[in-house]
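Structure at a glance
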Amino acid sequence: MYVLGRDSGPDGGVENPCADKKIDADRPPTVRFGSFLARDGSAGAAVGVDADGPHAGVVFGKRGTGKSYTLGVLAEGLGATPGVAPVVIDPMGVFDGLRAAGGRVIEPRVRPAAIPPEAWPDLLGLDPASGPGSLVWRVVADALDATDAVASGSDSERSDEPPSIAGLRDRVDAADAPTADRRAAANHLRLAASWGVFDADAPPVSRLVSDGVPTVLDLAGIPDAAAAAVVRAVARGLYDARIDGEIDRLPWLLVDEAHAFFDGVADPALRTLLTRGRAPGVSLVCATQRPGALPSVAVSQSDLLVSHRLTAERDLDRLAEAEATYLPGDLASRLPSETGEALVVDDATETAHTVRVRERHTPHGGGSPRASETEAATGAAAKSEGPR
Ligand SMILES: Nc1ncnc2c1ncn2[C@@H]1O[C@H](COP(=O)(O)OP(=O)(O)OP(=O)(O)O)[C@@H](O)[C@H]1O
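Residues numbered from 1 in each chain as written. Predicted model: local features only at pLDDT ≥ 70, side-chain atom pairs only at ≥ 80, totals over all residues.

**A word on the overall build of the protein**
Put simply, the rule reads: Elements are defined by DSSP. Helices are runs of H or I of four residues or more, strands are runs of E of two residues or more, and each kind is numbered from the N terminus. Each residue is represented by a C-beta atom placed from its backbone, and any two residues with such atoms within 7 Å are regarded as in contact.
Broken down by element type, the protein carries 10 helices and 12 strands. A sequence separation of at least 24 residues applies to 70% of the contacts in the protein between residues at least 6 apart.

The structure is reproduced here in structure tokens:
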């Protein structure tokens, strides 16, 4: 986190982050985040998030306190920062306003091969020790071995085709297994096909970050297991692509409603980013209204913690895990109460400050609908005023 100098441009500190991708030679890439909040409630100096290096971060806050909005502020700023590329996991469909910053909104497709064989039974809701579960595990492993054999020139079974769900079902049909197991496995694979997220020919995950504009993966309305598969494929895909040198930019994965992804198929990939993502340059920011449902490692590995208001004891306990010897007093007592305000704990500078998150430059799609704002209500109000 940086204090941004007053001489660095309009908009309270830096150039409009949506405007361009100019590099300021005097300052490392920085995302305009907001301004310090003085004790009397007035706005102080502008603050920005360092985007030069990779980070692990969390954004906490009870419902309606501004988490998604804050994630959108980061996405806007990162989309305008050279050398980085934000990818937003959008389970509620509230980030399509990022189109106004040149972003794209995608209904994601991932390759079945992006999910490792051992994760398939869990993905399909099957016990891996059951007949159908172990059959699915085996056919996925065989299908991956067959495509690997082509790459390695091995003499074992070969397939030029990347595994598809239909191909996996063919393998199930042909397997030496009890009929009931084959039928159950095929039914579960048919269900997975109906989610519409698996495509053997889906573009590689590295394509999501090829140009640096915000990419929003719209997961609204798709089943939880399918959303988890997408998050796993994207998180792991970005990590592997950086390790293999396929991506030049530093990707930032911004996950809204992150608690939903830590108890299923996506969990290992998110933990990999938390614990090892910074080495190859992949950042992860997890936003959640239920910090208590995140694993402790999300807090212990985060070097940036942004917390809007919290009240539930379990969530405050998770926040307390971020208390460090360099911070005086408890964090809970320092949480601000207004929407859009947050306590920011920055491990790099070993500081905690109250910040007012800046306003978005693009429309925000979140916020709860209000009866008083419906056409029915405003129409009724106009009617009750009556003719004059
Ligand atoms: N920094 C801010 N500046 C101005 N308005 C804000 C700010 N942060 C949040 N808001 C307003 O507060 C409303 C709620 O914010 P947001 O949708 O981000 O909450 P949330 O914590 O993500 O809620 P939920 O948990 O229900 O998803 C938004 O509609 C937005 O208008």
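**Digging into helix H4 (residues 165-174)**
Our working rule: A residue is called partly exposed when the number of other C-beta atoms within 10 Å of its own lies between 12 and 20, exposed at 12 or fewer, and buried at 20 or more, with C-beta atoms placed from the backbone. This arc corresponds to the set of directions leading from the helix axis out to the C-beta atoms.
Restricting attention to buried positions, one finds in H4 the residues Leu168, Arg169, Arg171 and Val172. Projected onto a plane normal to the axis of H4, the buried residues spread over an arc of 160° and lie on a single side.

**Side note on unusual backbone geometry**
A positive phi angle is found at Glu257, which is not glycine, with a value near 50°. In this structure, Glu257 sits in the loop between strand S8 (250-255) and helix H7 (267-276). The backbone of Glu350 sits at a positive phi, close to 55°, despite the residue not being glycine. Here Glu350 shows up in the loop between strand S11 (341-346) and strand S12 (351-357). For Glu350, a count of 11 C-beta atoms within 10 Å puts it in the exposed group.

**Some remarks on the environment of Leu123**
Within the secondary structure, Leu123 is located in helix H2 (residues 120-123). Along the backbone, Leu123 and Ala226 are 103 residues apart, and their C-alpha atoms lie at a distance of 8.0 Å.

**Some points on the domain arrangement of the protein**
Put simply, the rule reads: Here the bounds of each domain stem from an automatic or database domain assignment.
Assigned domains within the protein: domain 1 (2-110 + 203-377) and domain 2 (113-194). Contact with domain 1, which involves 9 residues of that partner, is made by 5 residues of domain 2.

**A few points about the packing of H4 against helix H5 (residues 179-194)**
Our working rule: Fitted lines through C-alpha atoms give the axes, limited to the stretch in contact for helices. The angle between two N-to-C directions lies from 0 to 180 degrees. In what follows, roughly perpendicular refers to angles from 65 to 115 degrees, roughly parallel to angles under 35, roughly antiparallel to angles over 145, and oblique to any angle outside these ranges. Classification convention: Asp, Glu, Lys, Arg as charged; Ala, Val, Leu, Ile, Met, Phe, Trp, Tyr, Cys, Pro as nonpolar; all other residues, Gly among them, as polar.
Where H4 contacts H5, the axes come no closer than 9 Å and their chain directions differ by 175°. Here H4 is positioned roughly antiparallel relative to H5, judged by the angle of their axes. In this structure, H4 contributes Ile165, Leu168, Arg169, Val172 and Asp173 to the contact, and H5 contributes Arg182, Ala185, Ala186, Leu189, Arg190, Ala192 and Ala193. Of the residues contributing to the contact of H4 with H5, the split by class is 8 nonpolar, no polar and 4 charged.

**Side note on the pairing of strand S2 (residues 30-37)**
Let me state the cut-off plainly: For two strands to be treated as a pair, DSSP must find at least two bridges joining them.
The element S2 is extensively covered by neighbouring structure, given that 7 of its 8 residues are classed as buried. Bridging between S2 and strand S3 (residues 43-50) involves 6 bridges; their strand directions are antiparallel. Opposite Thr30, over in S3, you have Asp50 as the bridge partner. Counting the residues that bridge the hairpin from S2 to S3 gives 5 residues, and of these Gly41 lies at a positive phi of roughly 90°. In this structure, S2 lies alongside S12, joined through 3 bridges in antiparallel fashion. Across the sheet, the residue bridging to Phe36 is Val355, located in S12.

**Quick word on the packing of helix H6 (residues 224-243) against H7**
Let me state the cut-off plainly: Crossing handedness follows the turn of the near helix against the far one: under a right angle anticlockwise gives a left-handed crossing, and clockwise gives a right-handed one.
It is the contact of H6 with H7, at a shortest axis distance of 8 Å, that shows an interaxial angle of 35°. Relative to H7, the crossing made by H6 is left-handed. Here Arg232, Ala235, Arg236 and Tyr239 of H6 come into contact with H7, specifically with Ala269, Leu270, Thr272 and Leu273.

**A few points about the nonpolar core**
Convention followed: Put simply, a nonpolar core is a cluster of buried Ala, Val, Leu, Ile, Met, Phe, Trp, Tyr and Cys residues tied together by C-beta atoms within 7 Å.
Within the largest apolar cluster, 105 residues are counted, with the highest numbers of intra-cluster contacts made by Ala229, Val230, Val231, Val234, Ala235, Leu253 and Leu254. Sort the elements by how many residues they give to this core and H6 lands first, with 12 residues. When we break this core down by domain, the ones giving at least three residues each are domain 1 (2-110 + 203-377) and domain 2 (113-194). Setting aside anything within four residues of it in sequence, one finds Val234 in contact with Val87, Val205, Leu217 and Leu253.

**Remarks on H6**
This is how the line gets drawn: What a helix is expected to span follows from its residue count: subtract one and scale by 1.5 Å.
For H6, which comprises 20 residues, the first-to-last C-alpha distance of 28 Å matches the rise-based estimate of 28 Å (1.5 Å per residue) to within 8%. Buried residues dominate H6, accounting for 16 of its 20 residues. After H6 finishes, the residue Gly245 shows a positive phi value of roughly 70°.

**What about the confidence of the model for the protein?**
Convention followed: pLDDT expresses, on a scale from 0 to 100, how confident the predictor is about each individual residue.
Chain-level pLDDT for the protein is 89 on average; 86% of the residues reach the 70-or-more range. Predicted confidence for residues 5-23 stays below pLDDT 50, and this span has 37 contacts to residues more than four positions away or in other chains. Here the prediction assigns the complex a pTM of 0.90, and the interface score ipTM is 0.98.

**Quick notes on the environment of Ala166**
Along the chain, Ala166 falls in helix H4. The sequence separation of Ala166 and Leu217 amounts to 51 residues, and the corresponding C-alpha distance is 24 Å.

**Here we look at the pairing of strand S10 (residues 304-307)**
Residue alternation in S10 divides its side chains into two sets, Leu304 and Val306 and Leu305 and Ser307, and both sets are buried. Pairing geometry for strand S4 (residues 56-60) and S10, over 4 bridges, is parallel. For Val58, the partnering residue across the bridge sits in S10 and is Leu305. With 4 bridges connecting them, S10 and S11 associate as antiparallel partners. Counterpart to Ser307 in the pairing with S11 is Leu343.

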